[in-house]
Amino acid sequence: MVLRSFALALGAFVLCAADYPDPPPALAPYIDSGRLAPADYAWIEGSFAEASPEKRAEFEASQRWIDSCVAEAKEKTRDALAAAGYPAASLDDLPVGPLACRQAKHYPRHPELTSYAQLREQMALARPVADSFLMAVGLAAELGNLGGGGDFARSLAAQVQLDQMLGRAFSWGAGAASAGAPELPPVARAIVVARLETAYAAQTERETAWLKAAVAQRGWPTESTDGQLVHFQAWLLAQHADHDPLFQLEVLRLMEPLAERGEVSKSNHAYLHDRIMLKLTGRQRYGTQAECVAGERRPKPLEEESALAGWRTAAGLESEAEYLASLDRTFGPCSQEG
Amino acid sequence: MMLRYAGLCLAALCLCAADEPSPPPPETLAPYIAEGAFDPGDFAWMKGRFADADEPTKADVRAIDQWLVQCIESAKVGVRQELAARGYRDAKLETTLVGPLVCRQAFMRPNVDATDTYAVFAQEAAAAVPVAEAYLFAVRVAQEAGGPRGPGLAEQLLARPLAEQVVRTAVSWGEGMAAGAPELTPIAREIVRSRLMGEIAALDTANALWLKDIVAREGWPEVSAVGEKAADEAWLLVQHADHDPVFQLDALLLMEPLVAQREVSPRNFAYLYDRVMLKLAGKQRYATQFTCIDGKWGPQPIEDEAAVDRLRREAQMETLAENVARMDASYGRC
């Protein structure tokens, strides 16, 4: 019943999900109600060099399942975006598709992780650390004075708290956003981060569904009626709805006239514009989306490099150099491999 | 903001120190103390508690224990003086932990079986510490991400207790609301709980200083001014300020006349009354304060047992039996 109303709420996009093939037998026990619980990671045993042919075949089957379910979702998303006026959406690195497929892409990978035995040994250290963190996330949502009561602003704040708790932990100790995370050996750290990413995929799915329903009911918040904080928090959730580019595009279109009239922040609009246009056209305007290239943080491809400074000033953003330096401080510098 | 708390904290310590100097911590603990707080770190300062430690290391631990007793007992002298000045002589303060934060935190050391070797303990600590630190890291992010939704007192009160509440809940690791906690060995669980209790001491201390400052300037936060929920949270912070019985008593006296005006919940008043009176006289009136008796929750000593359920009803509370059942459900066995 819950699943059904959920599907209806998400509309056509999730109805398509019913067409996806069932997960292969090796992965199926880890999926419950459309969500993946990574548990002991026995489902990736076949990814290691010394695995038996059976285990390897199991792993390959699960990878084929993930690939086909993501590819199918991409095709449908591309069709929908073409109908919305963007015929050449690249969607290259885009995590679309049913939640469990997207979650299954997050498993521990690290140059120093070379055998399943080693994974199991490091799991003994890493799993209680990740579970401890995740218990705090759940209890903070339960015990805080946010959420509930049908109050839009408080429910929104509760979703943002969950989003931030999970999302900020990925850099685990590498930058200011996650300062205070306990130091772990590299493989244990990779395990913890993979588990947080799996949990974060579920959270972004939940918060997007919530925001979508709320916006359908009450419209997009503006700074003059709802306040800066509420607008910022709603924008943050839209910015993180990468698995649902159609919804992101819808929000961008709602924000555009409001940004021109000064009803919502121009810089928030700029960030969302870039986030979406990279998906739809492969280029960004304001240089707000960065990547690591050869150990250096750089803007992803730009519409027009010579116009960047002008666009940023018009949107009330600091210089690109200052921005990239702030990302290094918040998330830690790019690793050399990156 | 953090710096300001630290400043207030230091000022408070200095005030105490003027009457009744608290002894300096032993050298062994120095690396674990920074900015008026104790971080148990790798727990290597526990080494002398194990049978296999050499004599000088065991002597270090005796020095720590001696310092803890002096630090807490000398603080009690000062607290008793202040309570006497308010008309409450001979305050019991039997199980009350007062004194500088550092002493109270160091007092929260894990109970370990002295027959285990330090090597075993150190191995357990290496696995347990990241589990505790991951939890506290999550709590700090929660606090930053769930901060006050506005500058008003009501919003600040609503946001304030989140961290101590989330940390407190985890003390019953594996039981009650923390039933979903990852399974740990008994020693690792004890180490995690000890770290969490040290953090609770730090949070309660900062919260009490924050509220004390507000109450001194604006009086007790009344229901009509901040709303019922925020007024509850102000009470919660005082209820958890056990390290500062003088502040608890002052708040109780401020709250008392407000109950009849419906500006303070009678239930909140009853809970704080019991908390304070157990410290001052060793008995409670409403049976709101529990203790662990043979692994089960039960009320601490009561003024008049026959009157308890009537008094509780007048304070709009459930019966004692119902309360015991609720404790069992929330916290599990103790």
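Residues numbered from 1 in each chain as written. Chains lettered and ligands numbered in written order. Predicted model: local features only at pLDDT ≥ 70, side-chain atom pairs only at ≥ 80, totals over all residues. Heavy atoms only, no water.

Time to look at the environment of Gly144 of chain A. Within the secondary structure layout, Gly144 of chain A lies in the loop between helix 5 (116–143) and helix 6 (152–167). Judged by its relative accessible area of 17%, Gly144 of chain A falls in the buried class. Distance in space between the C-alpha atoms of Gly144 of chain A and Ala83 of chain A is 43 Å, their sequence separation being 61 residues. Excluding anything up to four places from it in sequence, Gly144 of chain A contacts Leu139 of chain A together with Leu162 of chain B. (Helix = DSSP H or I, 4+ residues; strand = E, 2+ residues; numbered from the N terminus. Buried < 20%, exposed > 50% of the residue type's maximum accessible area, 1.4 Å probe, protein only. Contact = heavy atoms within 4.5 Å.)

Residue and element names in this part refer to chain B. Considering all chains together, one arrives at 32 salt bridges over all chains under this definition. Among the salt bridges present, the one from Lys212 reaches Asp244, with a minimum N-O distance of 2.6 Å. Taken as a pair, Lys212 in helix 7 (residues 186–218) and Asp244 in the loop between helix 9 (228–239) and helix 10 (245–260) lie far apart in primary sequence, 32 residues in all. For Asp244, a relative accessible area of 15% gives the class buried. (Salt bridge = Lys/Arg side-chain N within 4 Å of Asp/Glu carboxyl O.)

A few words on the interface of chain B and chain A. With 31 residues of chain B at the interface, the matching set in chain A holds 34 residues. In this assembly, chain B packs against chain A so that about 2600 Å² is buried in total across both faces, 70% of it on carbon and sulfur atoms. Among the residues of chain B in contact with chain A, Phe137, Arg149 and Met177 of chain B are the three that bury the most area, contributing 27% of the side total. At the junction of chain B and chain A, the tally comes to 2 salt bridges. Note that Glu155 of chain B and Arg154 of chain A form a salt bridge whose closest N and O atoms lie 2.8 Å from each other. (Buried area = accessible area lost by both parts, 1.4 Å probe.)

Counting 96 residues, the largest nonpolar core has Phe133 and Trp172 of chain A together with Tyr135 and Trp173 of chain B as its most contacted members. If we ignore the near neighbours within four places in the chain, the residues touching Trp173 of chain B are Ser132 and Met135 of chain A together with Val131, Tyr135, Ala178, Ala181, Pro182, Leu184, Arg189, Val192 and Leu196 of chain B. If you look at the next biggest cluster of nonpolar residues, it comprises 45 residues, including Val246, Val264, Leu272 and Ala307 of chain B. (Core = buried A, V, L, I, M, F, W, Y, C linked by side-chain atoms within 4.5 Å.)

A few words now on the confidence of the model for chain B. Residue and element names in this part refer to chain B. The share of residues in chain B with pLDDT of 70 or more is 93%, and the mean pLDDT across the chain is 91. Confidence drops under a pLDDT of 50 for residues 1–18, and excluding neighbours within four residues, the segment shows 7 contacts in the predicted structure. In the model output, the complex is listed with pTM 0.89 alongside ipTM 0.89. (pLDDT = per-residue confidence, 0-100.)

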